[in-house]
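Structural overview
Now for the letters of each chain:
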Amino acid sequence: MDIILFLIFLAACFGAAGTGATFPPGEWYQKLAKPRWTPPNWVFPVMWTTIYLLISFAAGRVAGLEDSAYAMAFWAAQIAFNALWTPIFFGLRRLKGALFVMVFLWLSVLGCVVSHWLLDFWAGLAMLPYLIWVSVAGMLNFAVVRLNPSVEPLDLSKL
């Protein structure tokens, strides 16, 4: 694994994570109805930190390999959708819009798992926790939409 590539991918992850700092859940999210199986709040930063380290490791292992174009394209797509989801869900409060983004995030992470696995066993394995976590996050997003049908998006004209 190339340590410089790892650090570049980790920097991209920090960029995506920055949307969480810019658009924190806050009181609005706490008031939403959520399913009983919602993870406690402390789980989210632990999982995302672990996942960002793992996916940076995975990308660092395959980026320099021959035929890694699809793996890198899927990696770029997933980090873009990852960064997009938070401002839509927490910033704009568009729960259904975030669910739409989540579908593309899940598909791009699945593409990462497969394409990384085909190039390097350890890289593919490192991507699996991300697919599991995004599956949980997608189900949580869906449940929140279903449990909160009357939630209004943020009215930008009142800012």
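Refer to the structure printed above.
Residues numbered from 1 in each chain as written. Predicted model: local features only at pLDDT ≥ 70, side-chain atom pairs only at ≥ 80, totals over all residues. Heavy atoms only, no water.

1. Focus: the overall build of the protein
Along the backbone of the protein there are 6 helices and 0 strands. Listing every helix and strand of the protein by position from the N terminus yields α-α-α-α-α-α. Each principal axis of the C-alpha atoms in the protein carries an extent, and together these give about 50 × 30 × 25 Å. Looking at the protein as a whole, 40% of its 159 residues are labelled buried. Sequence-distant contacts in the protein: of pairs separated by 6 or more residues, those separated by 24 or more amount to 81%. When the accessible surface of the protein is summed, it comes to about 8,800 Å², and 72% of that surface belongs to carbon and sulfur atoms. In the protein, which carries 9 positive and 7 negative side-chain charges, the distance between the mean positions of the two groups comes to 20 Å. (Helix = DSSP H or I, 4+ residues; strand = E, 2+ residues; numbered from the N terminus. Buried < 20%, exposed > 50% of the residue type's maximum accessible area, 1.4 Å probe, protein only. Contact = heavy atoms within 4.5 Å. Areas by Shrake-Rupley, 256 points an atom, 1.4 Å probe, with all protein chains shown as cover. Lys, Arg positive; Asp, Glu negative; His and termini not counted. Charge placed at Lys NZ, Arg CZ, Asp CG, Glu CD.)

2. Quick word on helix α5 (residues 95-119)
The terminal C-alpha atoms of α5 lie 36 Å apart, and with 25 residues this matches the ideal 36 Å at 1.5 Å per residue to within 8%. Within α5, the full set of buried residues consists of L95, A98, V101, M102, L105, S108, V109, G111, C112, V113, S115 and H116. Packed against the buried residues of α5 are α2 (26-31), α3 (43-62), α4 (69-91) and α6 (121-147). (Expected span 1.5 Å × (residues − 1).)

3. Some words on the nonpolar core
Counting residues in each nonpolar core, the largest one holds 40 residues, and the members touching the most others are I55, W75, F89, M127 and Y130. Elements with a contribution of two residues or more to this core: α1 (3-22), α2, α3, α4, α5 and α6. For this core, the leading source of residues is α6, giving 11 residues. (Core = buried A, V, L, I, M, F, W, Y, C linked by side-chain atoms within 4.5 Å.)

4. With respect to the environment of L5
As for its placement among the helices and strands, L5 is situated in helix α1. When the C-alpha atoms of L5 and A16 are compared, they prove to be 17 Å apart, with 11 residues separating the residues in sequence. Contacts of L5, omitting those with residues within four sequence positions, involve G60, A63 and G64.

5. Structural notes on unusual backbone geometry
Its identity as a non-glycine residue notwithstanding, D67 has a phi of 65°, on the positive side. A positive phi angle, near 60°, is found at R93, a position not held by glycine. The topology assignment puts R93 in the loop between α4 and α5. The class of R93 is partly exposed, set by a relative accessible area of 27%.

6. Some points on the packing of α1 against α3
Packed helices, taken two at a time, are described by their axes: the angle between them and the distance between them. The contact between α1 and α3 brings their axes to 8 Å, and the two run at 145°. Classified by chirality, the crossing of α3 by α1 is right-handed. Here L5, F6, F9, L10, C13, A16 and A17 of α1 lie close against α3, whose contacting residues are Y52, L53, I55, S56, F57, A59 and G60. (Axes fitted to C-alpha atoms, helices over the stretch in contact; angles between N-to-C directions. Left-handed = near helix turned anticlockwise from the far one by under 90°.)

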